[in-house]
Amino acid sequence: MADETPTDVAVPEEEVEAEEPVVEEEVEMSVLDALKEVLKKSMVHDGLRKGLHECAKALDRRSARLCCLAKDCENEEYKKLIRALCAEGEVHVVMVESGKDLGAWCGLAKLNEEGEVKKAVRTSCAVITDFGEETRALTVLLDFLQKQADAAEI
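Residues numbered from 1 in each chain as written. Predicted model: local features only at pLDDT ≥ 70, side-chain atom pairs only at ≥ 80, totals over all residues. Heavy atoms only, no water.

1. Some thoughts on the packing of helix α3 (residues 52-60) against helix α4 (residues 76-89)
Packing of α3 against α4 leaves a shortest axis separation of 9 Å and a crossing angle of 20°. When the axes of α3 and α4 are compared, the pair comes out roughly parallel. Between α3 and α4 lies a crossing whose hand is left-handed. Residues L52, C55, A56 and L59 of α3 form the contact with α4, whose participating residues are Y78, L81, I82, L85 and C86. Of the residues in the contact of α3 with α4, the class split is 9 nonpolar, no polar and no charged. (Axes fitted to C-alpha atoms, helices over the stretch in contact; angles between N-to-C directions. Helix = DSSP H or I, 4+ residues; strand = E, 2+ residues; numbered from the N terminus. Parallel < 35°, antiparallel > 145°, perpendicular 65-115°, else oblique. Left-handed = near helix turned anticlockwise from the far one by under 90°. Contact = heavy atoms within 4.5 Å. Nonpolar A, V, L, I, M, F, W, Y, C, P; charged D, E, K, R; others polar.)

Structure representation (structure tokens):
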């Protein structure tokens, strides 16, 4: 039986060639796409708070890392409270155009068979307490926030 085993070393060489990393194209990611991905990652890692009550608790505990606020929120007192809590805890605020979009990105939506949003629940505020894992989207988003903070200081 020992004589029947081949001594050819070609198999390990093929395995080494298959393990070489494939270089992916680096496409410029928009800040909006980065925000969507970061929200989804944080939701998977249980680091996303939605709605006024949950967001206010997270901001008050100082566990918030990033806050998203909808521009189309009608209640000015709501916006004022969230902005004040963010300023107190030195949390970055990202303004989003629509509350329905924010709700869909946070997982508050029903999807059809194609994966498109069929019905979305509106939320005016979402807070990230845990980003989850380091991704390129997170880097893009944090770079954008740093540039905004630097521009505000000047």
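There is more to say after this.
2. A short note on the nonpolar core
One finds L35, L39, L66, C68 and L102 to be the most contacted residues of the largest nonpolar core, which totals 21 residues. Looking at this core, the elements with two or more residues in it are α2 (31-44), β2 (66-70), β3 (92-96), α5 (99-105), β6 (125-128) and α6 (136-153). Residue contributions to this core peak at 5 residues, all from α6. Counting residues in hydrophobic clusters, the runner-up holds 15 residues, among them C67, V91, C125 and V127. (Core = buried A, V, L, I, M, F, W, Y, C linked by side-chain atoms within 4.5 Å. Buried < 20%, exposed > 50% of the residue type's maximum accessible area, 1.4 Å probe, protein only.)

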